[in-house]
Amino acid sequence: LPPEQLLGTSCLDLIHPNDHLLLEEGFEQVVQDPGYAATVEFRGRSAYGGWLWVEVKLSNQLNDPQIGAVVATFADITDRVVLVVRRVPAAVTYR
């Protein structure tokens, strides 16, 4: 989305309501433990209004004076999730 469309928008508005708690718990865990890192998968709103699967890697760098923040790296993992979902029925069928 263009930045001007995001002005005044809470980041929670871009996260699927069923995934809020999962992301909040992951973030809280990272914030509480210096040097800790976590990976969380959740659904995020696409520019077209649908949902994408997103992976965020969170790293607590609050004690690093050069950084002083929680670093978040995001990746679109929709294709990977779709492949896994398609394989599950095949795996169940061939057991």
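Parameters and conventions
- Residues numbered from 1 in each chain as written.
- Predicted model: local features only at pLDDT ≥ 70, side-chain atom pairs only at ≥ 80, totals over all residues.
- Heavy atoms only, no water.
- Helix = DSSP H or I, 4+ residues; strand = E, 2+ residues; numbered from the N terminus.
- Rg over C-alpha atoms; globule rule 2.2 N^0.38 Å.
- Buried < 20%, exposed > 50% of the residue type's maximum accessible area, 1.4 Å probe, protein only.
- Contact = heavy atoms within 4.5 Å.
- Lys, Arg positive; Asp, Glu negative; His and termini not counted.
- Charge placed at Lys NZ, Arg CZ, Asp CG, Glu CD.
- Polar contact = N/O pair within 3.5 Å; in protein donor to acceptor, adjacent residues only side chain to side chain.
- Pairing = 2+ DSSP bridges.
- Phe/Tyr/Trp six-rings, centres within 6.5 Å; stacked < 30°, edge-to-face > 60°.
- Lys NZ or Arg CZ within 6 Å of the ring centre and 35° of its normal.

(A) Local environment of the overall build of the protein. Summing up its helical and strand segments, the protein has 3 helices and 3 strands in all. Reading the protein from its N end, one meets helices and strands in the order α-α-β-β-β-α. Against the compact-globule benchmark of 12 Å for 95 residues, the protein has a radius of gyration of 16 Å, which places it well outside the compact range. Per-residue burial for the protein yields a buried fraction of 20% across its 95 residues. Long-range contacts, defined here as pairs at least 24 residues apart, represent 34% of the contacts in the protein between residues at least 6 apart. Counting 7 positive and 12 negative side-chain charges, the protein places the centres of these two groups 14 Å from one another.

(B) Quick look at the environment of Thr78. Mapped onto the secondary structure, Thr78 falls in helix H3 (residues 78–93). Taking the C-alpha atoms as reference points, Thr78 and Ile15, 63 residues apart in sequence, are found 14 Å from one another. Apart from residues lying up to four places away in sequence, Thr78 is in contact with Leu52 and Trp53. Here the side chain of Thr78 touches Asp76 through a polar contact of 2.7 Å, side chain to side chain.

(C) Examining the environment of Arg80 more closely. Tracing the backbone shows Arg80 in helix H3. For Arg80, a relative accessible area of 41% gives the class partly exposed. For the pair formed by Arg80 and Trp53, sequence separation is 27 residues and the distance between their alpha carbons is 8.8 Å. Filtering out sequence-adjacent residues up to four positions away, Arg80 remains in contact with Glu41 and Glu55. Within the structure, Arg80 has its side chain in polar contact with the side chain of Glu41 (distance 2.9 Å).

(D) Molecular detail of the pairing of strand S1 (residues 37–45). Residues of S1 alternate between two faces, with Ala38, Val40, Phe42 and Gly44 buried on one and Ala37, Thr39, Glu41, Arg43 and Arg45 left unburied on the opposite face. Across 9 bridges, S1 lies against strand S2 (residues 51–61) in antiparallel orientation. Along S2, the bridge assignment pairs Glu41 with Glu55. Hairpin connection of S1 to S2: 5 residues between the antiparallel strands, including Gly49 at a positive phi of 95°.

(E) Layout of the packing of aromatic side chains. Following the criterion strictly, the structure yields 0 aromatic pairs and no others. The ring of Trp51 is capped by Arg45, whose NZ or CZ atom sits 3.9 Å from the centre of that ring.

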